[in-house]
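Examining the three-dimensional arrangement
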Amino acid sequence: MPPTRINVTLFFLILLSFNFIYGIEARKRRSHTIKVFNRMSQDAKPVTVHCASGDYDVGNHTLYYRQDFNWQFKTNFWGTTLFFCRFWWGPKTKAFDVFKAKWDRDEYHHTYTYEVNEQGFYLGYDEEPSDQMHGVNNWE
């Protein structure tokens, strides 16, 4: 039985639907990297970091002078991905969000680079800490 015009039209509509859905999924599930760098002075105590989302626990990391760690992830389909970190440095502690999917909608950045030093926490979007970073939190 030869394909009818309706069958061919339905086939292409289904094909276009899959392409449209895949396109939405690809946009929403962007890949990101979070990097955390210890930029304390050489004689300072190490910084301990624990990061997690509702779905994924990155775990505890103790960063000594000039050490760093990172992880990669994709935002979820619903656009609600959130990662937070808690930092410990001697008797001081600080917790804050290091990624919210809303930030991705407002302005897309593949890499979120955090520098931790005696004054506080700085965010930039380059692969390494740079002069372009801005303060996002302090230890108080």
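Residues numbered from 1 in each chain as written. Predicted model: local features only at pLDDT ≥ 70, side-chain atom pairs only at ≥ 80, totals over all residues. Heavy atoms only, no water.

Here's the deal with the packing of aromatic side chains
- For the structure shown, the criterion picks out 15 aromatic pairs.
- Ring centres of Phe-73 and Phe-99 lie 5.0 Å apart, and the angle between their planes is 75°; on these two criteria the pair is classed as edge-to-face. Of this pair, Phe-73 sits in strand E4 (residues 68–74) while Phe-99 is found in strand E6 (residues 92–100), placing the two residues 26 residues apart along the sequence.
- With centroids separated by 5.6 Å and ring planes inclined at 80°, the aromatic side chains of Tyr-112 and Tyr-125 adopt a geometry described as edge-to-face. Taken together, the positions of Tyr-112 in strand E7 (residues 111–116) and Tyr-125 in the loop between strand E8 (120–124) and strand E9 (134–138) put the pair 13 residues apart, joining distant regions of the chain.
- Exposure remark for Tyr-125: the relative accessible area of 34% places this residue in the partly exposed category.
- Three or more aromatic residues link up through ring pairs in this structure, and these residues are Phe-69, Trp-71, Phe-73, Phe-83, Phe-99, Trp-103, Tyr-112 and Tyr-125. (Phe/Tyr/Trp six-rings, centres within 6.5 Å; stacked < 30°, edge-to-face > 60°. Helix = DSSP H or I, 4+ residues; strand = E, 2+ residues; numbered from the N terminus. Buried < 20%, exposed > 50% of the residue type's maximum accessible area, 1.4 Å probe, protein only.)

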